[in-house]
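Topology and contacts: notes
Spelled out from the first residue to the last, the chains are:
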Amino acid sequence: KIRRSTRAALVGAALVCILVFASRGRASESLIPLTPAESPTKLAAKLVAPNGDTATGDSQHTPVAQKRDKKDMLRTALIGSGVFARDTYTPLLTGPSLADTIDVVAIYSHGGDSGKALAERYEGQVQVYSGDDGLAALLARGDIHALLVLVPIDRTADIVRKGLAAGKHVLSEKPIAANSSVGADLIKWYRQLPDRPLWGVAENFRWESAFDFLRDHLPTGPLSFDFTARMVMDKDNKYMRTPWRSTPTFEGGFQLDGGVHFVAGIHHALSAHIVEVSDSVLDGDGQDPASAHIPAPHSVAAWITLSSGVAGTYRSTYVGTGESSVEFEIRGTSGTVRLQRLNPTVVATNAVQVGKLRFGYVCTARNPAGETIATEVYAFDGIARELESFAAAVNDRTHAATALLDPVLALRDIAAIEALLKGGSAKVDLHGL
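Residues numbered from 1 in each chain as written. Predicted model: local features only at pLDDT ≥ 70, side-chain atom pairs only at ≥ 80, totals over all residues. Heavy atoms only, no water.

Some points on the pairing of strand E8 (residues 274–283)
So the rule is basically this: We treat two strands as partners when DSSP finds at least two bridges between them. Numbered from the N terminus, helices here are DSSP runs of H or I no shorter than four residues, and strands are runs of E no shorter than two.
As paired strands, E8 and strand E9 (residues 299–306) are joined by seven bridges and run antiparallel to one another. Looking at the pairing, Val277 lines up with Ile304 of E9. Where E8 and strand E15 (residues 424–427) come together, three bridges link them in antiparallel fashion. In the strand pairing of E15, Glu276 is matched with Lys427.

Below, the structure is given as structure tokens:
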């Protein structure tokens, strides 16, 4: 079984009294708004893994959805109908936690066909739009209050600007734009809007309970850290098969598209942002046959310094074979805290704690003697949390969730990646923000 604190057990018992709930997995059973201040252990019973398994692997319990009147739901349009909209957003938006919180009433698809197929997975009449005229017609609808924007990176800023100008609340997927300059200009424009709608950038690493564990168990004393990611993108990977990723028009390829995740996790765990990059080394010219299909650079390694003065190492590699891994260790005088993404090796090493979960993280805090003082296992839960919190923040602009949705945080992420991609040493340029 997954080890839980006494507090988590009490919270779990309280939830049982209110609802018949599934074990922790990727979609939330509770309709209680999530806030950045919530302890990750309080979310243990709310989340569902990408494959539908619960955190303990017990998939026999079916959550009881408490349906609300549609007039109380956030009427939303899905902008984009690609892989991420189909395989990640839609299962959550039609699942027990969000199906009565966010009401998807329209889908915009660049070509149209994928949008029609996606619309069939939602309840009710979901109208599908395509082309420039279709987007204009969707934005003109007064009964649509919010947009979830999931389009290729180089189209994001234009869609966000049009949506905000039409008075729609917007949650746009990371990165904020194709580059930091465009992102900064968009923020400056947004800040000048009268009675501006809510705009948040969806960066799920800032919402992952596993990274909250790092914050909650951060050692004391002078800190140092090592962050290492090794991601496998074989030729048959569904993301590798999307043309805008396999032949990117933006700088950095997967090192930017995925790298903003990694940087956001570092920023969130350490409550500071990267201000300087030193000795950055880039590699990857396609000479490795197994990785030749991956856009360069294949790897980035550097020494990074944060606004708090804390410094550590950053390594990110994309390869064509093997197993993916993410490891993040933070050291201090009072001990260490470590995050590992689940893969076959990590699962085998932590079999008792992990159980049947295969998608998520194992987090461990140790004292100076190396003795374990806390261990938690988490399913991937960041996307579910950010969607639920976005809906809560639309209804209450003073909601704590707005802090983690702030586009400036996303600007810091992409600006740090750009500094890493320059090679050598560079300051992070936030363009006056």
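Details of the pattern of salt bridges
Put simply, the rule reads: The term salt bridge refers to a side-chain nitrogen of Lys or Arg lying within 4 Å of a carboxyl oxygen of Asp or Glu. Categorising residues by exposure relies on relative accessible area from a 1.4 Å probe, with only protein chains included: less than 20% of the type maximum marks a residue as buried, more than 50% marks it as exposed, and the intermediate range marks it as partly exposed.
Using the criterion set out here, one finds 14 salt bridges in the structure. Asp257 is the partner of Arg245 in a salt bridge, and the nearest nitrogen-oxygen pair spans 3.2 Å. On the criterion of sequence distance, the pair formed by Arg245 in helix H8 (residues 243–246) and Asp257 in helix H9 (residues 254–257) is long-range, its members being 12 residues apart. According to the relative accessible area criterion, Arg245 is buried, its value standing at 12%. Take Asp257: its relative accessible area is 8%, and that puts it in the buried class. Salt bridges sharing partners connect three or more residues here, namely Arg75, Asp103, Arg141 and Asp143.

Topic: the sheet that holds E15
Two modes of strand pairing occur in sheets, parallel and antiparallel, and in both the strands are linked by backbone hydrogen bonds. Note the cut-off: Here an axis means a line fitted to C-alpha atoms, over the contact stretch when the element is a helix, while the angle between two N-to-C directions is reported on a 0 to 180 degree scale.
Spatial strand order, E14-E13-E12-E11-E7-E10-E9-E8-E15: nine strands in an open sheet with mixed pairing. Since the sheet does not close on itself, it has two edges, and those belong to strand E14 (372–379) and E15, each with one partner. Shown here is a sheet whose adjacent strand axes are inclined to one another by a mean of 15°, direction ignored.

Remarks on the sheet that holds strand E3 (residues 127–129)
Applicable threshold: Residues count as neighbours in contact if any of their non-hydrogen atoms are within 4.5 Å of one another.
A sheet is described by the order of its strands in space; here six strands give the open sequence E3-E2-E1-E4-E5-E6, paired in parallel fashion. Either end of the sheet is taken by a strand with one partner, and the two such strands are E3 and strand E6 (199–202). Between one strand axis and the next, the sheet turns through 25° on average, direction left out of account. Against the sheet, helix H5 (residues 153–165) engages strand E1 (74–79), strand E2 (102–108), strand E4 (146–149), strand E5 (169–173) and E6, with an angle of about 170° to E5.

Quick look at the confidence of the model for the chain
Where we set the bar: Values of pLDDT, which run from 0 to 100, indicate the predictor's confidence residue by residue.
Looking at the chain as a whole, the pLDDT averages 85, with 83% of positions reaching at least 70. For residues 1–66, every residue scores under 50 in pLDDT, and the model assigns this stretch 151 contacts once sequence neighbours within four places are set aside.

Comments concerning unusual backbone geometry
The omega torsion across Lys174 and Pro175 is -10°, close enough to zero to call that bond cis. Along the polypeptide, Pro175 turns up in the loop between E5 and helix H6 (180–191). For Asp195, which is not glycine, the phi dihedral falls at a positive 50°. Secondary-structure assignment places Asp195 in the loop between H6 and E6. Residue classification places Asp195 among the exposed positions, given a relative accessible area of 80%. Within the chain, Ser271 stands out as a residue other than glycine whose phi angle is a positive 50°. For Ser271, the position within the fold is in the loop between helix H10 (259–270) and E8.

Describing the packing of aromatic side chains
Let me state the cut-off plainly: We call Phe, Tyr and Trp rings a pair once their centres come within 6.5 Å, taking the six-membered ring for Trp, and we label the pair stacked below 30 degrees between planes, edge-to-face above 60, and tilted otherwise.
Applying the stated criterion across every chain yields a total of 14 aromatic pairs. Measuring from centroid to centroid gives 5.4 Å for Phe227 and Phe328, while their planes differ by 70°, and the two rings are edge-to-face. Of this pair, Phe227 sits in strand E7 (residues 224–232) while Phe328 is found in strand E11 (residues 325–332), placing the two residues 101 residues apart along the sequence. Classification of Phe227 by relative accessible area gives buried; the value is 0%. On the basis of relative accessible area, Phe328 is assigned to the buried category, the value being 0%. Between the aromatic rings of Tyr361 and Phe380, the centroid separation amounts to 5.2 Å while the plane-to-plane angle is 70°, which identifies the pairing as edge-to-face. Within this pair, whereas Tyr361 is found in strand E13 (residues 360–366), its partner Phe380 is found in the loop between E14 and helix H13 (382–395), the two being separated by 19 residues in sequence.

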